[in-house]
Structures are given as structure tokens and as C-alpha cells.
2 protein chains.
Amino acid sequence: MQTKPAFTDKDLDEVYSFAVQLGKDAGKLLLEAAQLRYSPTRQSVKEQLVEKENAVDIVTKTDEDVEAFIKSSIAAKYPSHKFVGEETYSKGSTRSYLIDDSLPTWCVDPLDGTVNYTHLFPMFCVSIAFILKGVPLIGVIYAPFLNQLFTSCRGRGAWLNETQALPLVRNPIPPMPGNAPGGCIFSCEWGKDRKDIPDGNLYRKVESFLNMAAESGGRAGKGGMVHGVRSLGSATLDLAYTAMGAFDIWWEGGCWEWDVAAGIALLQEAGGLVTTANPPGEPTTADIEEVKLGSRLYLAIRPAGPSENESGRAGQERTVREVWKRVRELDYQRPGA
Amino acid sequence: MQTKPAFTDKDLDEVYSFAVQLGKDAGKLLLEAAQLRYSPTRQSVKEQLVEKENAVDIVTKTDEDVEAFIKSSIAAKYPSHKFVGEETYSKGSTRSYLIDDSLPTWCVDPLDGTVNYTHLFPMFCVSIAFILKGVPLIGVIYAPFLNQLFTSCRGRGAWLNETQALPLVRNPIPPMPGNAPGGCIFSCEWGKDRKDIPDGNLYRKVESFLNMAAESGGRAGKGGMVHGVRSLGSATLDLAYTAMGAFDIWWEGGCWEWDVAAGIALLQEAGGLVTTANPPGEPTTADIEEVKLGSRLYLAIRPAGPSENESGRAGQERTVREVWKRVRELDYQRPGA
């Protein structure tokens with residue numbers, strides 16, 4: 001039986017360069033399509049046509065066009081690689097987890113932060129991950145309206161705009177606060193699941209947010225008194241800002257692997273920790289397992305350095321447990337899982 | 001009795017130019033101070049000294065330094081003008097409202113989004129308003145990490161980076177959605193008041209957020225099913241993004257005039273509406289009064305164009321009433337008011 005040649009370091013470097021350029025090109029397409037809606041010199045026939053469509057139609061079309069561009073670029077360069085994109089799913093009949101160990105795989109969201117894009121709020125981006133044997137090794141995230149490009153490759157570091165290593169503050173990298181989640185910026189999202197069902201996901205999320213926000217000692221001891229609560233409307237950028245060290249904690253349920261694959265690659269390369277959002281039965285002692293990419297349940301902690309009393313990893317794990325004590329279990333199913 | 005010479009259009013132009021340059025210079029100081037914490041070439045003695053302080057000390061010092069820079073620059077150029085800044089209050093014994101009709105007044109927050117700045121999350125800015133006879137006429141907001149400069153002067157338009165008129169989408173400016181707050185991005189903040197008091201501000205805010213977010217018809221008819229809920233941690237930038245048209249609705253209680261004066265000037269010049277956050281007894285029929293700058297209670301609606309059925313202003317007012325029906329009254333006192 002013929003064995004495939006192993007994926008070498010040189011191969012990975014080449015894929016990384018290709019992915020970064022692809023992210024830049026795709027982000028440029030996103031920005032150009034956005035600018036069609038407000039450019040002061042909208043004279044072309046194409047632009048006049050666009051004007052007749054509504055914002056949501058434009059966004060859907062842009063989403064599809066940019067995914068098609070990314071998919072065909074990858075197919076031309078790496079015809080043997082597998083492609084998993086948001087639009088792949090939207091049009092398919094299944095939401096089963098399609099990433100396995102068999103082939104090098106690209107997991108892509110052409111436009112993360114779709115609602116933001118519709119409203120021209122700058123927090124939108126393209127998100128491209130390269131996955132080998134089920135592990136995201138490369139992450140490329142480009143938010144063109146913000147001029148922020150986040151890139152990482154396993155062993156090559158994580159970067160903002162290709163020059164600034166992540167996390168930003170790194171000589172030394174600050175430890176997690178001793179009273180975490182106190183002192184932390186907590187990032188979370190309201191999401192699309194807004195059903196008014198008693199103890200449904202909406203209520204479980206809000207109860208969790210409230211526990212994290214309330215004064216220390218409040219909420220029957222669950223008050224976390226976080227330094228701030230932030231909601232950007234982009235899971236990808238939430239992870240990127242966690243990798244940057246700007247957010248300390250990101251907790252979310254309901255998004256999909258294309259929303260998080262590149263962000264997880266970036267965060268892990270920067271030194272962050274990602275595990276499950278749902279608290280185990282014994283949050284103080286349970287194992288802190290590696291995140292499952294397709295689990296739809298994510299808890300991310302920023303890169304952390306050691307303090308006098310504990311290692312960086314120990315500080316991150318302590319923070320995970322303190323979050324788990326304060327949040328509710330969310331109910332997001334995975335078809336076929 | 002000698003009367004003061006009237007403030008001419010030419011005077012206002014001159015003040016505007018001065019304010020824009022002042023905002024750029026102050027924002028540069030903010031960014032430079034931030035970069036001291038992560039620059040890859042931190043070699044100077046000054047930088048080593050900074051390293052010994054903690055992040056909060058650095059931020060407090062930056063806040064004070066930048067306010068002192070702005071205050072002295074204004075005093076040198078316009079010695080007869082009054083200055084009201086955040087630091088003026090922090091060190092004073094009163095939080096009474098100090099803006100009146102007597103003198104041209106500058107209302108300044110040297111650093112809005114302090115928590116973001118501490119964590120190096122890019123959503124921080126300097127905020128400078130020029131107020132004549134109690135009315136904010138000029139607004140300058142500069143977020144240097146985002147490279148976003150927002151400027152406005154009464155009668156001269158509202159601008160992003162001095163070239164792009166606000167709101168961004170303007171040919172035509174979209175009407176408010178017919179089912180608002182459905183279809184809207186709702187911007188709100190958790191703020192610092194996290195006391196675990198039954199029916200305290202924290203609970204009233206969260207109940208309001210939940211009503212705005214929940215599915216239409218949910219929450220006993222109060223469900224607003226907004227398109228998205230966003231929290232940035234900067235009242236000034238919330239208002240700037242509302243002026244841009246990126247946020248449709250901003251609702252907040254507890255901030256102060258220096259947090260909102262420049263943003264209100266910007267939003268009003270762009271065509272937005274600002275009134276009180278607290279719903280009147282009869283939300284469907286009550287007068288929609290002009291915002292009181294020192295009221296600590298703000299509800300802002302983005303610029304809106306006409307639809308087939310109503311004027312832009314009517315759409316904004318309809319949206320105000322729909323928000324009022326869904327939010328709770330907040331309890332923020334004004335000393336001496």
C-alpha cells in the first residue's frame with residue numbers, strides 16, 4: 001500500500017503564505033462590496049443595480065461570492081484538500097461535523113459578523129483555518145474596515161498586522177488576576193436563539209451574564225464583578241481579541257466550527273486556553289479538556305504568564321473553574337453527534 | 001453696559017479647526033502611552049519605569065496627563081472659555097452640572113472607554129465637545145487604535161476621517177425598519193453599577209436588554225427581536241457608531257456629560273435623535289423632549305430617511321416609543337439636580 005508523503009514544515013510554510021494572501025484578498029472583496037453601499041462616487045451601472053437590492057440581499061450575495069472565491073482559489077492551488085465553508089452547510093441538507101483526519105481541510109467563514117456587515121458596523125471579518133488531522137494549525141482573520149489582520153501558524157507565532165506578536169503585552173505576559181473573573185473583560189454574545197422558553201438558552205445565557213457581572217458576593221456568591229462585559233457580534237473577532245489579550249474570557253454557545261476554527265488556531269498559538277462552555281458536574285475538580293472544534297460550546301481564556309504563586313496555565317485553569325461555577329449549561333445540539 | 005461680541009460663523013470655523021487638531025494630538029498621546037506597554041523596542045529608561053507600575057496606574061496617569069494637555073491647550077488659545085473635564089470632577093467635591101449659558105464651554109473626556117484602554121481593547125477614544133449657550137455645537141472623537149476620527153460642527157456636517165459624510169449610507173438614508181426595534185442593532189452597556197439589589201439598576205437594565213432581545217411576541221408582548229445586541233464599553237463610541245448608522249438604537253443610563261457631549265453633537269449633526277432613556281407614563285403619546293445633556297439618561301436613534309409612509313423624524317419617534325415600551329426606568333441621581 002502506498003503511503004502519502006508526510007506534511008513537512010516547508011509544506012506548512014507554503015500553505016501559511018497562501019492562506020495569508022487569500023485572507024487579504026477576500027477581506028478586500030468584503031470591503032469593496034461594503035463600499036458599494038456608501039461610496040461618494042457611485043456611478044457605475046453595477047452600483048446602480050446594487051442600489052435596487054436591499055442590504056440583506058447584498059450581504060447574502062457577498063457572502064456567497066467571497067466563499068466561492070476562497071473555495072476556487074484553494075481548489076486551484078491544493079486540489080486534494082477538503083473545503084468546509086459556511087455556505088457549504090447552508091445549502092446542504094446536513095449540519096453533521098464534516099472534519100476528520102483523512103485530508104488536509106480548510107474551514108472557512110467568508111463573512112463572520114454578518115449582522116454587523118449589514119449595518120456597516122466595522123466588526124466583521126473573513127475567517128480562514130487550515131486543519132491537519134483534525135487540529136487547526138493556521139488561522140487567518142482579516143477585518144478590513146478595522147485594518148486588522150490576525151495570522152498564526154503552529155510554531156510560527158500569532159500576529160497582528162504581521163508585525164506585532166500576540167498577546168500584545170508580553171514582556172512579561174500578565175498573569176490572570178488573582179480574583180478572576182474579577183478584573184477581567186468578559187466577552188459574550190446574545191446570538192440568534194431568542195426563544196421565550198422558560199429556562200431556554202436565552203434565559204440561561206442572561207443568567208450567566210448576570211452572574212459574571214454582579215458585584216462580588218452578590219447572586220448568592222456567584223457574583224463575578226467582571227471589569228467589563230462586551231458583545232461584538234463576531235465570534236471570530238471575540239477570539240482574536242482574546243488572543244490579543246484585550247478580552248480575558250470569552251464564553252459562548254451556538255456558533256459553528258467555521259465561526260471559531262481560525263480564532264482557536266490563533267488563540268492557541270498565542271498561548272490561550274479553549275475548552276467547553278458547559279460546566280461539568282464538579283467544576284472545581286473536573287478535567288479541563290481540550291476544546292472539541294465541532295462542539296458548538298466554547299470557553300476561551302487569554303494567554304497568561306506566571307504569577308508568584310502559580311504558572312500561567314494554572315491561572316487559566318483557575319479562571320475556567322471560576323467561570324464554570326457561574327454559568328449555566330447551554331443546550332445546543334449537533335446533528336448526528 | 002458693554003455687550004460681548006457675538007460668536008460669528010468665522011469664530012465657529014476657527015474653533016472647529018482647533019478642536020479637530022486638538023483631538024488628533026490628544027489621541028496620539030493616548031496611543032503612544034498605550035504602545036509603551038507593548039512596543040517591541042522598549043528600551044528607554046522611561047519605558048522601564050512604566051513597566052514597574054501596574055496597568056491601572058498607567059491609565060490613571062495617562063487620563064490625567066491628556067486632560068491637562070487639552071485643558072492647557074484650550075486655556076492658551078481661548079483663555080476666556082470654560083473647561084469641564086472628567087478629571088475636573090474626579091478631584092472636585094461636587095458632581096453638580098456645571099455647564100450653563102454664560103461662557104463658551106469645552107466638555108472633555110480625555111479617555112473614554114478606560115476599562116478597554118487598560119486591557120488594550122481598541123474601543124477607546126478622546127472626546128471633545130464645544131458648547132455654546134448650553135448646546136453642543138462641535139464634537140471631535142478620535143479612536144487612535146482604530147484610526148477612526150469622528151468630527152462635526154453645527155451646519156458643517158458630520159464626518160468619519162474628514163472625508164466620509166455620516167451616516168455612511170446616505171443616497172438615500174435608509175428609513176427606520178417598519179417593525180423597529182426588529183431589524184435594529186441595539187447598543188447598550190452594563191456599566192459599573194452592579195449592586196445586587198432587588199429591582200436595582202442592574203436588574204432593570206438586564207430586564208430591558210432581555211425585552212429588546214427576546215423573540216417578537218415573547219415576554220408578554222415586549223419581545224423586540226432586535227437584529228443584534230452590542231456592548232462596546234464606550235458611550236462615546238456607541239454614539240459615534242449610531243451617528244454612522246451602524247447602530248440603530250443606543251440606550252444607556254449612568255454616564256456623564258463628558259461621556260456624551262461630543263457624541264451628541266456628532267449624532268445630532270448627522271441627523272440622529274437623542275432623548276431620555278427613561279420611559280414616560282404614556283410612552284405612546286408623551287412628548288419626545290430634546291435630551292438634557294446632564295441628565296445621565298440617554299436614548300439615541302440613528303439618522304433616518306423617509307419611507308413611503310412616514311418622514312425620517314416620524315420613524316425615529318416611532319422607534320423611541322417602541323423602545324420606551326420595552327425598557328425600565330433607571331435610577332441615576334444628579335447631585336444638586
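Residues numbered from 1 in each chain as written. Chains lettered and ligands numbered in written order. Predicted model: local features only at pLDDT ≥ 70, side-chain atom pairs only at ≥ 80, totals over all residues. Heavy atoms only, no water.

### What about the overall build of chain A?
Assigned secondary structure in chain A consists of nine helices and 12 strands. The principal-axis extents of the C-alpha atoms in chain A amount to approximately 60 × 55 × 45 Å. In chain A, 67% of the contacts between residues at least 6 apart in sequence involve partners at least 24 apart. In the form shown here, chain A has an accessible surface area of approximately 13,400 Å², with 52% of it arising from carbon and sulfur atoms. (Helix = DSSP H or I, 4+ residues; strand = E, 2+ residues; numbered from the N terminus. Contact = heavy atoms within 4.5 Å. Areas by Shrake-Rupley, 256 points an atom, 1.4 Å probe, with all protein chains shown as cover.)

### Some points on the sheet that holds strand β9 (residues 228–230) of chain B
The pairing of strands in a sheet happens through backbone hydrogen bonds and is either parallel or antiparallel. All names here are of chain B. A sheet is described by the order of its strands in space; here five strands give the open sequence β9-β8-β10-β12-β11, paired in mixed fashion. Looking at which strands have only one partner, the edges of the open sheet turn out to be β9 and β11 (273–275). Going across the sheet, the axis of each strand differs from the next one's by a mean of 15°, ignoring polarity. Relative to β9, strand β8 (residues 185–188) runs parallel, the two being bridged by three bridges. Paired with F186 across the two strands is V229, which belongs to β9. Packing of helix α8 (residues 257–270) onto the sheet brings it into contact with β10 (249–253), β11 and β12 (297–301), and relative to β12 it is tilted by some 25°. (Pairing = 2+ DSSP bridges. Axes fitted to C-alpha atoms, helices over the stretch in contact; angles between N-to-C directions.)

### A short note on the relation of the copies chain B and chain A
Screw-axis analysis of chain B against chain A gives a translation of 0.0 Å along the axis, an RMSD of 0.0 Å, and a rotation angle of 180°. The transformation just described matches what one would write down for a two-fold rotation axis. Using C-alpha coordinates, one finds that chain B approaches the rotation axis most closely at B:S231, a distance of 2.4 Å. Of the interface residues in chain B, 100% have counterparts in chain A that sit at the interface too, so the contact is made through matching surfaces. (Least-squares fit on C-alpha atoms with pLDDT ≥ 70 in both.)

### So, helix α7 (residues 235–244) of chain B
Of all the 10 residues making up α7(B), 10 are buried; the element is thus mostly covered by neighbouring parts of the structure. What α7(B) keeps buried is the set B:A235, B:T236, B:L237, B:D238, B:L239, B:A240, B:Y241, B:T242, B:A243 and B:M244. (Buried < 20%, exposed > 50% of the residue type's maximum accessible area, 1.4 Å probe, protein only.)

### Regarding the interface of chain B and chain A
Many descriptions give the size of an interface as the accessible area lost when the pieces come together. In this complex, chain B contributes 53 residues to the contact, which on the side of chain A involves 53 residues. In total, chain B and chain A occlude about 4,600 Å² of area from one another, counting both sides; carbon and sulfur atoms represent 62% of this. When the buried surface of chain B facing chain A is broken down by residue, B:H119, B:W190 and B:R194 rank first, second and third, together holding 16% of it. Here chain B and chain A share zero salt bridges between them. Of all the secondary structure elements, the ones that give two or more residues to the side of chain B that touches chain A are α5 (114–119), α6 (201–213), β9 and α7 of chain B. Sort the elements by how many residues they give to the side of chain B that touches chain A and α6(B) lands first, with six residues. Considering only residue class, the side of chain B that touches chain A consists of 30 nonpolar, 12 polar and 11 charged. (Buried area = accessible area lost by both parts, 1.4 Å probe. Salt bridge = Lys/Arg side-chain N within 4 Å of Asp/Glu carboxyl O. Nonpolar A, V, L, I, M, F, W, Y, C, P; charged D, E, K, R; others polar.)

### Side note on the pattern of salt bridges
All names here are of chain A. As enumerated under the stated definition, the model contains 34 salt bridges over all chains in all. The shortest N-O distance in the salt bridge between R328 and E207 comes to 2.9 Å. Of this pair, R328 sits in the segment after α9 (312–324) while E207 sits in helix α6 (residues 201–213), and the two are 121 residues apart along the sequence. Classification of R328 as partly exposed rests on a relative accessible area of 22%. Given a relative accessible area of 27%, E207 falls into the partly exposed group. A cluster of three or more residues bridged by salt bridges with shared partners is formed by D199, R204, E207 and R328.

### Thoughts on the nonpolar core
Of all hydrophobic cores here, the largest spans 164 residues; its most connected members are A:W106, A:Y241, B:W106 and B:Y241. Excluding residues within four positions of it along the chain, A:Y241 makes contact with A:M123, A:L146, A:Q148, A:F150, A:L232, A:A246, A:F247, B:F121 and B:P122. If you look at the next biggest cluster of nonpolar residues, it comprises 60 residues, including A:C188, A:W190, A:A277 and B:A214. (Core = buried A, V, L, I, M, F, W, Y, C linked by side-chain atoms within 4.5 Å.)

### A few points about the sheet that holds strand β2 (residues 105–112) of chain A
Residues and elements named next belong to chain A. Taken in spatial order, the seven strands make up an open sheet running β1-β2-β3-β4-β5-β6-β7, and their pairing is mixed. Lying at the two open borders of the sheet, with one neighbouring strand each, are β1 (82–85) and β7 (164–165). With six bridges joining them, strand β4 (residues 135–143) and strand β5 (residues 148–153) adopt antiparallel strand pairing. Along β5, the bridge assignment pairs V140 with T151.

### Regarding the confidence of the model for chain A
Residues of chain A with pLDDT of at least 70 account for 92%, and the chain-wide mean is 92. Here residues 42–52 of chain A is a poorly scored stretch, pLDDT under 50, and it has 13 contacts once near neighbours within four places are set aside; other chains count. (pLDDT = per-residue confidence, 0-100.)

### Quick word on the UniProt feature "binding site: Mg(2+)" (unreviewed entry) in chain A
Residues and elements named next belong to chain A. Feature annotation in UniProt places "binding site: Mg(2+)" (unreviewed entry) on E86, D109, L111, D112 and D259, given in this structure's numbering. Their sequence span is 174 residues, while the largest C-alpha to C-alpha distance among them is just 9.5 Å; these annotated residues converge on one region. Position of L111 relative to the elements: it lies in strand β2. On the secondary structure map, D259 appears in helix α8 (residues 257–270). Using a relative accessible area of 9% as the deciding quantity, one classes D259 as buried. Leave out the neighbours within four places in its chain, and D259 touches D109, D112, A235 and T236. (UniProt positions renumbered as here; feature names shortened; annotations may be inferred.)

### Details of the pairing of strand β5 (residues 148–153) of chain B
Residues and elements named next belong to chain B. Counting buried residues in β5 gives six out of six residues, a clear majority hidden from the surface. Of the two faces of β5, the one lined by Q148, F150 and S152 and the one lined by L149, T151 and C153 are each fully buried. Connecting strand β4 (residues 135–143) to the next strand, β5, in antiparallel fashion are four residues, including N147 with a positive phi near 55°. Counted along the chain from β5 to the antiparallel partner strand β6 (residues 157–160), the turn is three residues long, and its residue G155 has a positive phi close to 90°.

### Thoughts on the domain arrangement of chain A
All names here are of chain A. The domain boundaries assigned to chain A delineate domain 1 (9–165) and domain 2 (185–324). Inter-centroid distance (C-alpha atoms) of domain 1 to domain 2 is 24 Å. Here domain 1 and domain 2 share an interface that buries about 2,300 Å² over both sides, 67% of which is from carbon and sulfur atoms. Inspection of the region where domain 1 meets domain 2 yields zero salt bridges. (Domains from an automatic or database assignment.)

### Regarding the packing of aromatic side chains
Residue and element names in this part refer to chain A. Counted under the stated rule, the structure contains 34 aromatic pairs over all chains. Relative to W106, the ring of Y78 has its centre 6.3 Å away and its plane inclined at 25°; by these criteria the two rings are stacked. One end of the pair, Y78, is in the loop between α3 (55–77) and β1; the other, W106, is in strand β2, with 28 residues separating them in the sequence. Accessibility classification places Y78 together with W106 in one group, the buried group. (Phe/Tyr/Trp six-rings, centres within 6.5 Å; stacked < 30°, edge-to-face > 60°.)

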